[in-house]
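Residue-level structure breakdown
Each chain, letter by letter, is given below.
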Amino acid sequence: MMEDVGKNGVLAVQTLRNNIMASTVLASTAIMLSSLIALLMTSGARSENSTAWFDIGNRSRREFSIKYFLILLCFMAVFLLNIQSIRYYSHASILINIPFKKVYSEQRHRGLTAEYVAATVNKGSYFWSLGLRGFYFSLPLFFWIFGPIHMVVSCLVLVSMLYFLDVNVESGSAVEVSDDNGADGSEDDAPSLAA
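Heads up: these notes are all about the structure in this document. (Residues numbered from 1 in each chain as written. Predicted model: local features only at pLDDT ≥ 70, side-chain atom pairs only at ≥ 80, totals over all residues. Heavy atoms only, no water.)

For the rest of this paragraph, the subject is a nonpolar patch on the surface. Taken together, the side chains of Met-41, Ile-66, Phe-69, Leu-70 and Leu-73 present a nonpolar region at the surface, about 400 Å² in accessible area. For the nonpolar patch, the element with the highest residue contribution is helix α2 (residues 61-95), accounting for four residues. Among the residues examined, Phe-69 registers a relative accessible area of 43% and is labelled partly exposed. (Patch = residues over 30% accessible without salt bridge, like charges linked within 9 Å, V, L, I, M, F, W, Y side chains within 5 Å. Areas by Shrake-Rupley, 256 points an atom, 1.4 Å probe, with all protein chains shown as cover. Salt bridge = Lys/Arg side-chain N within 4 Å of Asp/Glu carboxyl O. Helix = DSSP H or I, 4+ residues; strand = E, 2+ residues; numbered from the N terminus. Buried < 20%, exposed > 50% of the residue type's maximum accessible area, 1.4 Å probe, protein only.)

Turning to the pattern of salt bridges, a few remarks are in order. Counted according to the given criterion, the structure contains one salt bridge. The partner of Arg-133 in a salt bridge is Asp-166, with the nearest N and O atoms 2.5 Å apart. Placement of the pair is Arg-133 in helix α4 (residues 107-144) and Asp-166 in helix α5 (residues 148-166), with a sequence separation of 33 residues. Residue classification places Arg-133 among the partly exposed positions, given a relative accessible area of 31%. On the basis of relative accessible area, Asp-166 is assigned to the partly exposed category, the value being 33%.

As structure tokens, this is what we get:
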């Protein structure tokens, strides 16, 4: 995309803009949920004589404070991870529109700069993925409020869900290493996504 900005520049910027907007929504959701959890922690509106079927385990105020605090920490970590993602995506959106053919005449400098932009986009994607994982991790913490059995069941569901999201069922692994020789006869040791 960086070789011909005229053709691909809009596509690159739109893609990065969409990623920035997705990270912004997740960061805003995380900070809103953090505020809600902080409100629940300070309100103390917990009924001590609740005997619902889903209320198993320790019901002390201290225990609920610990549970709410851990959920609050989880959402704050999600917020920070999504902010880092926005930072890297914004940086990459500026770098991707630099006309490298005009700025750098040597092929060696162009390759290093393109690799740097690709690494910046990959870092943004990595932080976005970690932020999304934080949201996933908050689900068992939320069910922990209702008791340890609900937390264990939600952990098992989460682990099985993440297994099917992360592992390609056809090949049995998340990434497959290609042993094919490239067009120039050199070995390509970089991992490629399994089809």
